[in-house]
Amino acid sequence: MNITTEQMRFWSPEVRKLKPYTPGEQPKIQNILKLNTNENPYPPSPKVVEAVQKVLANSADVLRLYPDPDASELKQAIAKQQNVPVDTVFVGNGSDEVLAHIFKAFFVQEQPVLYPDITYSFYPVYSQFFGIRTKILPLNDDFEIVVDDYKQANGGIIITNPNAPTSIELGLAAIEEILQANPDSVVMLDEAYVDFGAESAVKLVEKYENLVVCQTTSKSRSLAGLRVGFAIAQPHLIAALEAVKNSFNSYPMDRFAIAAAVASFEDQAYFEAQNQKVIASREKLVFQLNELGFKILPSSANFIFASLPSKDAGELASELRERGIIVRYFNKPRINQFLRITIGTDEQNQRLVDTLKNEILV
């Protein structure tokens, strides 16, 4: 859509300056293999479908009424699964909304917020949207966080763990070092991909009053289409998030999302089994791509970050697309020779490998 400067006169001045986040492509073409948005290749638990159908069966009674504004049943299910008190749980309409509330609640400060130069690209958008000062800290040459860089004056710290798009995990010992060095700043860990092999910092929440851990059901629980995210922190931080949420939208969770997420958290066996399948497929794909000459960063996520020294990454992404396979290419400094490839089923991954081996790298 082309908007003229004349038409933009109706916009608020701050909106004219915004540089919105660009989500991964959702193509409407048939037979496309989507390995670009880190969606789970497997369906959610059958119990999720049953729960949604139960809501539908009672739709005449429940859809005319607002849902529970506190999503109490969902908070209880999360608290039980995470083994934390229910008053340490906050829920929202996808982790992106939860992140927005975290930015507003904690990071509008005089000192700049610290986060890496290569990380989730929504953070600069939120920072601009809320008028938050930032200081961007470079990852090292191995794309790892330099812990000592986060021992300086700041208005908060943001770390995605495992990082996106690099897929690299930061260990809990390093996270504790950052927490201990910043007792008067909120440290937010975005654990969107933690269930695929990394160690969660939720176990540290009881110990550190400045820690907020944010997670999602979109990846490891296959609920990207229902938008359910949550945060875990000590009650005094949760109270701030609730204040922001109730000043913005007091009914963010609909009945379908609540019912589906509760069912997912109650089916731990299915959740663990599907994650193990993704992890096994990831390791197999890494081996196969290494055989083709790819260099792949160590991954604890449901995606890999891969480069091929003999081929331009942008050209490779285009050639894959021509053959019906979409991967994520970031044309940005330091990472413009990498592709982020979502882990699919073994069959989907094999299609990728065969296409590379037999059609592109011949």
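This text follows the structure it describes.
In what follows, the accompanying structure is described. (Residues numbered from 1 in each chain as written. Predicted model: local features only at pLDDT ≥ 70, side-chain atom pairs only at ≥ 80, totals over all residues. Heavy atoms only, no water.)

Under the counting rule described, the total for this entry stands at 14 aromatic pairs. Relative to Phe122, the ring of Tyr120 has its centre 5.9 Å away and its plane inclined at 70°; by these criteria the two rings are edge-to-face. For Tyr120, a relative accessible area of 17% gives the class buried. Measuring from centroid to centroid gives 5.4 Å for Phe143 and Phe338, while their planes differ by 80°, and the two rings are edge-to-face. Placement of Phe143 in the loop between β4 (134–137) and β5 (156–160) and of Phe338 in the loop between β11 (325–329) and β12 (339–342) is noted, with a sequence separation of 195 residues between them. Both residues of the pair, Phe143 and Phe338, belong to the buried class. Counting every residue linked through ring pairs, the aromatic cluster contains Phe103, Phe107, Tyr115, Tyr120, Phe122, Tyr123, Tyr126, Phe129 and Phe130. Between Lys277 and the ring centre of Tyr42, over which it is positioned, the NZ or CZ distance is 4.0 Å. Of note, Arg340 hangs over the ring of Phe303, and the distance from its end group to the ring centre comes to 5.7 Å. (Phe/Tyr/Trp six-rings, centres within 6.5 Å; stacked < 30°, edge-to-face > 60°. Buried < 20%, exposed > 50% of the residue type's maximum accessible area, 1.4 Å probe, protein only. Helix = DSSP H or I, 4+ residues; strand = E, 2+ residues; numbered from the N terminus. Lys NZ or Arg CZ within 6 Å of the ring centre and 35° of its normal.)

Nonpolar side chains collect at one region of the surface, where Met1, Ile3, Phe10, Trp11 and Val15 lie side by side and expose about 590 Å² of accessible area between them. Summarising the element assignment, Met1 is placed in the segment before α1 (13–16). What makes Met1 exposed here is its relative accessible area of 94%. (Patch = residues over 30% accessible without salt bridge, like charges linked within 9 Å, V, L, I, M, F, W, Y side chains within 5 Å. Areas by Shrake-Rupley, 256 points an atom, 1.4 Å probe, with all protein chains shown as cover. Salt bridge = Lys/Arg side-chain N within 4 Å of Asp/Glu carboxyl O.)

Another point: the pairing of strand β7 (residues 211–216). Burial of β7 is extensive: six of the six residues sit out of reach of the surface. Where strand β6 (residues 187–190) meets β7, four bridges bridge the pair, whose relative direction is parallel. When the sheet's bridge partners are listed, Asp190 is paired in β7 with Cys214. (Pairing = 2+ DSSP bridges.)

A few words now on the packing of helix α2 (residues 46–57) against helix α9 (residues 255–266). Orientation of α2 relative to α9, taken along the N-to-C sense of each, is 150°, at an axis distance of 8 Å. Between α2 and α9, the crossing angle belongs to the class labelled roughly antiparallel. Between α2 and α9 lies a crossing whose hand is right-handed. Of the residues in α9, those touching α2 at Lys47, Val48, Ala51, Val52, Val55 and Leu56 are Arg255, Phe256, Ala259, Ala260, Ala263 and Ser264. For the contact of α2 with α9, the class distribution of residues is nine nonpolar, one polar and two charged. (Axes fitted to C-alpha atoms, helices over the stretch in contact; angles between N-to-C directions. Parallel < 35°, antiparallel > 145°, perpendicular 65-115°, else oblique. Left-handed = near helix turned anticlockwise from the far one by under 90°. Contact = heavy atoms within 4.5 Å. Nonpolar A, V, L, I, M, F, W, Y, C, P; charged D, E, K, R; others polar.)

On to the pattern of salt bridges. Summed over the entire model, instances satisfying the criterion amount to 13 salt bridges. In this structure, the salt-bridge partner of Arg334 is Asp117, at a minimum N-O distance of 2.8 Å. Here the residue Arg334 occupies a position in the loop between β11 and β12, and Asp117 occupies one in the loop between β3 (113–116) and α6 (122–129), the gap between them amounting to 217 residues. Overall, the relative accessible area of 31% leaves Asp117 in the partly exposed class. Of the charged contacts, one joins Arg323 and Glu359 as a salt bridge, the two residues approaching to 3.2 Å between their closest N and O atoms. Taken together, the residues Arg323 in the loop between α11 (313–322) and β11 and Glu359 in helix α12 (residues 346–360) connect sequence positions 36 residues apart. Since its relative accessible area comes to 29%, Arg323 is described here as partly exposed. Take Glu359: its relative accessible area is 44%, and that puts it in the partly exposed class.

By the element assignment, Asn210 lies in the loop between β6 and β7. Of the polar contacts made by the side chain of Asn210, one reaches the backbone oxygen of Ser185; its length is 3.1 Å. What Asn210 contacts, discounting residues up to four positions off in sequence, is Leu179, Asn182, Pro183, Ser185, Val186, Val187 and Leu237. (Polar contact = N/O pair within 3.5 Å; in protein donor to acceptor, adjacent residues only side chain to side chain.)

Our focus in this paragraph is the sheet that holds β12. Strand order in the open sheet made by the five strands is β1-β11-β12-β10-β9, with mixed pairing throughout. Bordering the open sheet on either side are β1 (33–35) and β9 (295–296), each of which pairs with just one other strand. As judged from the two bridges shared by β11 and β12, these two strands associate in the antiparallel manner. Across the sheet, the residue bridging to Tyr329 is Leu339, located in β12. The strands touched by helix α10 (residues 268–291) are β9, β10 (303–307) and β12; relative to β10, the strand with the most contacts, the crossing angle is about 10°.

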